[in-house]
Amino acid sequence: MKTFSPLATVVSVIALAAAVAVGVVVGRKWPAAAPADTTRPTLGAGSTLASNAPARPKPDSVEIPEGGFDPQQVKVAQVSQLAVPVELSTPGKLAYNAERTKLASARVAGRLDQILQFEGAQVREGQPIAELYAPDFVSAQKEYLLALNTARQLKSSNMKELQDDADMTAQSAANRLHVLGLNDAEVAQIARRGAPAEHLTLRAPISGTIVKRNMDPGAFLNVGDSFMSIVDTRVLWFTGNVYENDIASVRIGQPISLHTAAYPQREFTGRVSFIAPNIDPATHTLTVRCDVPNPDGLLRPEMYATARIQTGSGLATVVPKSALVKDHGSYYVIVQSDARHFKRVQVQGKDTGTDGNFAVTAGLDASSQVVVRGAALLNEMIVKAGA
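- The name an unreviewed UniProt entry assigns to the chain is Cation efflux system protein CusB, from the organism Ralstonia mannitolilytica.
- For the chain, the Sequence similarities (unreviewed entry) comment in UniProt is given as "Belongs to the membrane fusion protein (MFP) (TC 8.A.1) family."

1. Examining the sheet that holds strand β8 (residues 200–203)
Then, number 1: Here four strands make up an open sheet; going across it, the order is β8-β7-β5-β10 and the pairing antiparallel. In this open sheet, the two edge strands, each paired with only one partner strand, are β8 and β10 (220–221).
Then, number 2: Pairing analysis gives two bridges linking strand β5 (residues 110–115) to β10, with the strands arranged antiparallel. Along β10, the bridge assignment pairs Gly110 with Leu221.

2. Focus on the side chain of Gln163
Then, number 1: Positionally, Gln163 belongs in helix α3 (residues 160–179).
Then, number 2: Since its relative accessible area comes to 15%, Gln163 is described here as buried.
Then, number 3: The residues touching Gln163, leaving out its near neighbours within four places in the chain, are Leu154, Lys155, Ser157 and Asn158.

3. Some points on the pairing of strand β19 (residues 341–351)
Put simply, side chains in a regular strand alternate between the two faces of the sheet.
Then, number 1: Summarising the sheet, strand β1 (residues 61–63) and β19 pair through three bridges and their orientation is antiparallel. Looking at β19, one finds that Ser61 is bridged to Lys343.
Then, number 2: Both strand β18 (residues 330–338) and β19 contribute to a ladder of seven bridges, which runs antiparallel. Among the inter-strand pairings, Gln336 is bridged to a residue of β19, identified as Phe342.
Then, number 3: Count of turn residues in the β18/β19 antiparallel hairpin: two residues.
Then, number 4: Examined bridge by bridge, β19 and strand β20 (residues 357–362) share four bridges and lie antiparallel to one another.

4. Describing unusual backbone geometry
Then, number 1: Positive phi is not limited to glycine here, since His284 has a value of about 55°.
Then, number 2: Tracing the backbone through its elements, the reader meets His284 in the loop between β14 (268–279) and β15 (285–293).
Then, number 3: Look at His284 and you get partly exposed, because its relative accessible area is 48%.
Then, number 4: Unusually for a residue other than glycine, His328 sits at a positive phi of about 55°.
Then, number 5: Among the secondary structure elements, His328 is positioned in the loop between β17 (325–327) and β18.
Then, number 6: For His328, a relative accessible area of 80% corresponds to the exposed category.

The rules behind these values
- Within each chain, residue numbers correspond to sequence positions counted from 1 in written order.
- Side-chain atom pairs in this predicted model are given and counted only at pLDDT of 80 or more, local residue features only at pLDDT of at least 70, and totals for whole chains, interfaces and linings cover all residues.
- Calculated side-chain values reflect all of the structure's heavy atoms, with hydrogen atoms and water omitted.
- UniProt positions are given in the numbering used here, feature names are shortened, and annotations may be inferred rather than shown by experiment.
- Two strands are counted as paired when DSSP detects at least two bridges linking them.
- Segments assigned H or I by DSSP are reported as helices when at least four residues long, segments assigned E as strands when at least two residues long, and all are numbered from the N terminus.
- For the exposure calls, accessible area comes from a 1.4 Å probe over protein chains only, and a residue counts as buried if that area is under 20% of its type's maximum, exposed if over 50%, partly exposed in between.
- The contact criterion used is simple: two residues touch if any of their non-hydrogen atoms lie within 4.5 Å.

Here it is, written out as structure tokens:
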């Protein structure tokens, strides 16, 4: 008879039980899983139901508390209608005034032995700027001295006609020295000295700044040659371009205000002095020139500038500059929208000048009431509420 070990018997029983369990699990009909509800949103790890909702607009107003704001902190005023200048903006640049430019030259040929003033120097009219050695100038002095001595000797004689001829000759010699550039004081000095001067002093023809030098010491100067340029910079020219549709509004004599990048807080003034007779064929613009006073010398030729030509005047909605709030390059005012709210409104416009007002061209109507004191405080409250 065949015998089994106890271990084999236990293994067989465990295997039989496992087979029965598998059969039961496989053969049983389990209920199907419920279908997913597609109508309910699935929430992710970092999502919320509010992400599908429309964004809440930032508030642009603030509620007036019970009892109102402190009148010392917040003040409201009605906007006003004032006549403001109608201006035409034109870009351009500054240049020397050709009407105030002179060339320093000699009226006699010679050697430029010494230059007394150089580029950038401020000179006065009549101030010595160079020394010229000119043989013709030396000869003219000798002729004058000879004629003068002859006239003096003949004064003691009884020959009236010879005295008159000698006086006329001396006067003619003196006039020649005047033609060469000498003044009365220099001619009188030659007469007192009794000897000719070696050099002719060349003087500044106008008061101004030496902007250019054409010759060096030792160069030969012919009659009429210019050796330096002097410009009176107290009045400069501004040259701008006006588009065709604005030509009809520009007139000679109209005032302008000028602004430069070098002095953004400074306003310069001037007047239209010239309007070109023809249109520039390259740009199809009209050239306009303006005289701009420059008494303190701040403006420089070749500076870029923008001119606003005052072509007329008109009514505009005006608010004090204290009502303006600047935020990210835009201008805003705080208006009282109703009895319970202040609202922030973006506006466009321009500074009217030195009267402390701002002319609004868009964003505000004539019936508005704006905050003229405390606008910055209310603006901060509105910005914080929308943060």
